[in-house]
Amino acid sequence: KLYRVVWQEDDIVLSVEPRIRSVTDGAEKKDWGILKVLELEITREDSHLKISAHEHSAGEAMTIRQYEEIPVSLDTIKDRCHEIVDTLNKCNRAGYLSRNVLVKLRERGQIFHNELFTERVKETFQTSQADHLVINLDDQLVQVPWELLHDGQQFLCQSFNLGRLVKTRQSIAGRKTRLLGQPLKTLILADPECDLKGAREEGEQIRDFLDSQKDAVNVSFRSQNIPTQYLREKMRYFDFVHFAGHADYNQSQPGKSGWRLSDGIRHA
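Residues numbered from 1 in each chain as written. Predicted model: local features only at pLDDT ≥ 70, side-chain atom pairs only at ≥ 80, totals over all residues. Heavy atoms only, no water.

Trainee: What am I meant to see in the packing of aromatic side chains here?
Mentor: Aromatic ring pairs: the centre-centre distance and the angle between the two ring planes describe each pair. For the structure shown, the criterion picks out 4 aromatic pairs. On the basis of an interplanar angle of 0° and a centroid distance of 4.5 Å, the ring pair of Phe 243 and Trp 259 is categorised as stacked. Separated by 16 residues along the polypeptide, Phe 243 in strand E8 (residues 240–244) and Trp 259 in strand E10 (residues 258–261) bring together distant segments of the chain. Over the face of the ring belonging to Phe 221 we find Arg 207, whose NZ or CZ atom lies 4.8 Å from the ring centre. Over the ring of Tyr 230 we find Arg 222, and its NZ or CZ is 4.0 Å from the ring centre. (Phe/Tyr/Trp six-rings, centres within 6.5 Å; stacked < 30°, edge-to-face > 60°. Helix = DSSP H or I, 4+ residues; strand = E, 2+ residues; numbered from the N terminus. Lys NZ or Arg CZ within 6 Å of the ring centre and 35° of its normal.)

This is how it looks when you write it as structure tokens:
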């Protein structure tokens, strides 16, 4: 059994009963020797989305995939994104959301979930045995907070280990694919503006935990003095980057959003 101590009113769990993924709970349903992956593919063409969802074992690939088309309003998508961002911005400096704000975030996530997912896709998610979700997007849909879509029980980022793959019209010629091998290189950036004690502590805790996994992970930690040029030069050499600090979001031009570093903004 898992218990949680709630110290204050705004530190709550949305669901009535905590839900966690565990080997014990799913042992009878899953073959833990085979990694299951749920893959969601979404592209936009004019005022329609092409969307498909399918589950497969890691390493497998389907030669034919069924997709559906659904009409969407680009203005509505933009408005929904702004609503969720505005809701998240109500978070206090300690990182907590009030009960009312958390409920609004869930409600907005559910509305977005219903508007962007077809019934077939919803059913695929409900019956999936996968722990991992990969979202394949084109660059016209990266601003959508897919991680915060809510199925009525949980946000997607709570239900799955989630990652994105983005297709872009921008030229990427000359860029080489990184060869992954252990130990994986991880860069932790914490509190570059020296005004978030909790962010620095978060980075240190992650560093200390990963240091105990030296055969699997090689950690580099940097705090306080993190200039833009450092990130531009070093980021390409790491498999994972964890950032704990301030970020600015530009509603009218999301592409100009970015992390706030010691000497300015490193645009996304």
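Having put the structure on the table, let's press on.
Trainee: What is the right way to read the pattern of salt bridges from this model?
Mentor: Side chains bearing opposite charge may pair, as long as their charged atoms lie close to each other. Taken as a whole and judged by the stated rule, the model has 14 salt bridges. For Glu 193, the salt bridge goes to Arg 260, with nearest N and O atoms at 3.1 Å. Within this pair, whereas Glu 193 is found in the loop between strand E6 (184–190) and helix H6 (197–211), its partner Arg 260 is found in strand E10, the two being separated by 67 residues in sequence. For Arg 260, a relative accessible area of 25% gives the class partly exposed. Close ionic contact of Arg 207 with Asp 208 constitutes a salt bridge, the shortest N to O distance being 3.1 Å. (Salt bridge = Lys/Arg side-chain N within 4 Å of Asp/Glu carboxyl O. Buried < 20%, exposed > 50% of the residue type's maximum accessible area, 1.4 Å probe, protein only.)

Trainee: I'm lost on helix H3 (residues 99–116) in this one. Help?
Mentor: Helix length check: H3 (18 residues) gives 26 Å between terminal C-alpha atoms against 26 Å at 1.5 Å per residue, within 8%. Of all the positions in H3, only Val 101, Leu 102, Leu 105, Gly 109, Phe 112, His 113 and Leu 116 are classed as buried. The buried residues of H3 occupy an angular sector of 115° when the element is viewed end-on, so they sit on one face. (Expected span 1.5 Å × (residues − 1). Arc of directions from axis to C-beta.)

Trainee: I tried to follow the sheet that holds strand E4 (residues 132–138) on my own but got confused; where do I start?
Mentor: Hydrogen bonding along the main chain pairs the strands of a sheet, whether they run parallel or antiparallel. With mixed pairing, the 5 strands of this open sheet are ordered in space as E3-E2-E1-E4-E5. With partners counted over all chains shown, the strands left at the sheet margins are strand E3 (68–71) and strand E5 (161–167), one partner each. Direction aside, neighbouring strands of the sheet carry axes that sit 20° apart on average. Two elements, strand E1 (residues 36–45) and strand E2 (residues 48–57), share 10 bridges in a ladder whose sense is antiparallel. Counted as the bridge partner of Glu 39 is His 54 from E2. Where helix H4 (residues 119–127) meets the sheet, its contacts fall on E1, E2, E3 and E4, and the angle it forms with E2 comes to roughly 25°. (Pairing = 2+ DSSP bridges. Axes fitted to C-alpha atoms, helices over the stretch in contact; angles between N-to-C directions. Contact = heavy atoms within 4.5 Å.)

Trainee: What is the right way to look at the sheet that holds E6 in this model?
Mentor: Strand order in the open sheet formed by 3 strands is E7-E6-E8, with parallel pairing between adjacent strands. Since the sheet does not close on itself, it has two edges, and those belong to strand E7 (217–223) and E8, each with one partner. Neighbouring strand axes in the sheet, compared pairwise and without regard to direction, differ in orientation by 15° on average. Looking at chain direction, E6 and E7 are connected through 7 bridges and run parallel. In the sheet register, Lys 185 faces E7, and the bridge partner there is Asn 218.

Trainee: Can you help me understand H6 in this one?
Mentor: One full turn of an α-helix is made of 3.6 residues, so residues set three or four places apart face in the same direction. Relative to the 21 Å expected for 15 residues at 1.5 Å per residue, H6 spans 21 Å between its end C-alpha atoms, a close match to the ideal helical length. For H6, every residue scored as buried is listed here: Ala 199, Gly 203 and Leu 210. Looking down the long axis of H6, one finds its buried residues gathered within 35° of arc, a one-sided arrangement. Facing away from the buried side of H6, by more than 90 degrees, are the exposed residues Lys 197, Gln 205 and Phe 209. Tucked inside the fold, the buried residues of H6 contact E6, E7 and E8.

Trainee: How should I be thinking about unusual backbone geometry in this particular structure?
Mentor: Of all residues except glycine, most have a negative phi; of all peptide bonds, most are trans. Phi angles above zero are rare outside glycine, and Asp 46 is one such case at about 55°. Not every positive phi belongs to a glycine, and Cys 194 is a case in point at roughly 60°. The residue Cys 194 is located in the loop between E6 and H6 in this model.

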